[in-house]
Amino acid sequence: MTFYKYQGTGNDFILVDNRGGAYSELTEEQIKHLCDRRFGIGADGFMLLNEQEGYDFEMVYFNADGREGSMCGNGGRCIVQFAHDQGIRKTTYHFIATDGPHDATIEDGEIALKMKDVDSIREYKTDSILNTGSPHYVQLDPDVMQLDVFKEGKKIRYSKDFAEDGINVNFVQVKEPDTLIVRTYERGVENETYSCGTGVTAAALVFHHNDNGFNAVNIETLGGKLTVRYRREPDGTFNNIWLKGPAIKVFEGSISTEAL
Ligand SMILES: N[C@H](CCC[C@H](N)C(=O)O)C(=O)O
């Protein structure tokens, strides 16, 4: 199997061109093995690029634990760059993922990905919960670089209310009104990753600085910088949400699936 390795602000993925369907039967165990950093290739997630009528392609995303996951924002940006590199050339990409259709463009060498609209943010204790394609818990922290994200994130992720379905946990420091630092404990990886696209999107919506209208937020993660642009309506709903940042091919290789 020929595979490609991409990263988007340090959130890294194995990508396989599955047009033709040769790799549709990979098992949970095999995908987990591919994502293992010691026994496999190593990645936070695995993606298949499938053919899909009416769209430029379909994105099928799996977490590093081998289970099919919900939407992945950095993965979505990487698969657009991958589609481009595999010869699918569009001005605006239109693809389908588990949470519905997405548009994306390549601008100044970076990928801008349109995320699904968000209807509501739920208050939970002093924190917030929302779904930006994946479920996210957002907690404010005055000094995120000092925080033990693995320990604190894991505590929330496995707490009674979230243990069964899991949740991604984001710790957010407001550096400036329009600049946030975000660190994320990811479900399915069950560890901190260097960046989480749906997570920084969630953080940007929770910490809007314009109550009504256009917002543009700069986000700093361990793996680099992202921006999130969106509109917040007077009724508290969010639309036209765009996540933008780099998506880089790292290497390609081949691996025998019989060895998995
Ligand atoms: N890394 C991803 C999130 C993956 C989602 C996954 N961890 C889950 O919710 O199960 C991102 O960039 O949005």
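Just so we're clear, the structure is a prediction, and the values are computed from it rather than from any experiment.

Conventions used here
Residues numbered from 1 in each chain as written. Predicted model: local features only at pLDDT ≥ 70, side-chain atom pairs only at ≥ 80, totals over all residues. Heavy atoms only, no water. Buried < 20%, exposed > 50% of the residue type's maximum accessible area, 1.4 Å probe, protein only. Helix = DSSP H or I, 4+ residues; strand = E, 2+ residues; numbered from the N terminus. Domains from an automatic or database assignment. Contact = heavy atoms within 4.5 Å. Buried area = accessible area lost by both parts, 1.4 Å probe. Salt bridge = Lys/Arg side-chain N within 4 Å of Asp/Glu carboxyl O. Polar contact = N/O pair within 3.5 Å; in protein donor to acceptor, adjacent residues only side chain to side chain. Nonpolar A, V, L, I, M, F, W, Y, C, P; charged D, E, K, R; others polar. Near = heavy atom within 4 Å. Areas by Shrake-Rupley, 256 points an atom, 1.4 Å probe, with all protein chains shown as cover. UniProt positions renumbered as here; feature names shortened; annotations may be inferred.

Student: I'm lost on helix α4 (residues 197-206) in this one. Help?
Tutor: For an α-helix the count is 3.6 residues per turn, leaving residues at separations of three or four pointing the same way. The buried fraction of α4 is high, at ten of ten residues. Restricting attention to buried positions, one finds in α4 the residues Gly197, Thr198, Gly199, Val200, Thr201, Ala202, Ala203, Ala204, Leu205 and Val206.

Student: Would you explain unusual backbone geometry in this entry?
Tutor: Where the residue is not glycine, phi is negative for most of them; where a peptide bond is considered, it is trans in most cases. You will see that aspartate 108, though not glycine, has its phi angle at about 50 degrees, which is positive. One can find aspartate 108 in the loop between β6 (100-107) and β7 (110-114). Residue classification places aspartate 108 among the exposed positions, given a relative accessible area of 71%. With phi around 50 degrees, asparagine 240 is a residue other than glycine that occupies positive phi space. Note on placement: asparagine 240 falls in strand β16 (residues 238-245). Residue asparagine 240 is classed as partly exposed on the basis of its relative accessible area of 39%.

Student: I tried to follow the domain arrangement of the protein chain on my own but got confused; where do I start?
Tutor: Interfaces are often described in size by the accessible area the parts lose on coming together. For the protein chain, the assigned domains read domain 1 (2-114 + 247-254) and domain 2 (122-245). Distance from the C-alpha centre of domain 1 to the C-alpha centre of domain 2: 22 Å. With 27 residues of domain 1 at the contact, the number on the domain 2 side is 26 residues. Of the roughly 1800 Å² buried where domain 1 meets domain 2, counting both sides, 47% is carbon and sulfur surface. At the junction of domain 1 with domain 2, the criterion picks out three salt bridges. Linking glutamate 107 and lysine 244 is a salt bridge whose minimum nitrogen-to-oxygen distance equals 3.6 Å. Across the contact surface, domain 1 and domain 2 share twelve residue pairs in polar contact (both at pLDDT 80 or more). For the side of domain 1 that touches domain 2, the secondary-structure elements that each account for two or more residues are β4 (57-63), α2 (73-85), β6 and β7. The element best represented in the side of domain 1 that touches domain 2 is β7, accounting for five residues. Of the residues assigned to the side of domain 1 that touches domain 2, the class counts are nine nonpolar, nine polar and nine charged.

Student: Looking at this model, I keep getting lost on the side chain of glutamine 81. Mind explaining?
Tutor: Among the structural elements, glutamine 81 can be located in helix α2. The buried category is assigned to glutamine 81, whose relative accessible area is 13%. If near-sequence neighbours (up to four positions away) are discounted, glutamine 81 is found in contact with Tyr6, Ile106, Ile111 and Ala247.

Student: So what exactly am I meant to see when it comes to the site of the ligand here?
Tutor: Near the ligand you find 15 residues, and of these Gly73, Asn168, Arg187, Gly197 and Thr198 are the closest. At a separation of 3.3 Å, an oxygen atom of the ligand approaches a polar side-chain atom of serine 134. The side chain of asparagine 168 places a nitrogen or oxygen atom 2.7 Å from an oxygen atom of the ligand. Considering the ligand on its own, with 360 Å² of exposed area, one finds that the protein chains cover 100% of that surface. Mapped by element, the contributors of at least two residues to the shell around the ligand are β4, α2 and α4. Broken down by class, the residue content of the shell around the ligand amounts to four nonpolar, nine polar and two charged. For the shell around the ligand, the domains that each give at least three residues are domain 1 (2-114 + 247-254) and domain 2 (122-245).

Student: Just to check I follow, could you spell out the UniProt feature "binding site: substrate" (unreviewed entry) in the protein chain for this structure?
Tutor: The sites that carry the UniProt feature "binding site: substrate" (unreviewed entry) are, in the present numbering, Asn11, Asn63, Gly73, Asn74, Asn168, Glu186, Arg187, Gly197 and Thr198. A relative accessible area of 0% places glycine 73 in the buried class. Residues in contact with glycine 73, not counting those within four places in the same chain, are Leu113, Met115, Gly197, Thr198 and Leu243. Mapped onto the secondary structure, threonine 198 falls in helix α4. Discounting residues that sit within four places of it in the chain, threonine 198 has contacts with Met71, Cys72, Gly73, Met115, Thr132, Ser134 and His136. In this structure the side chain of threonine 198 is engaged in a polar contact, spanning 2.8 Å, whose partner is the side chain of histidine 136.

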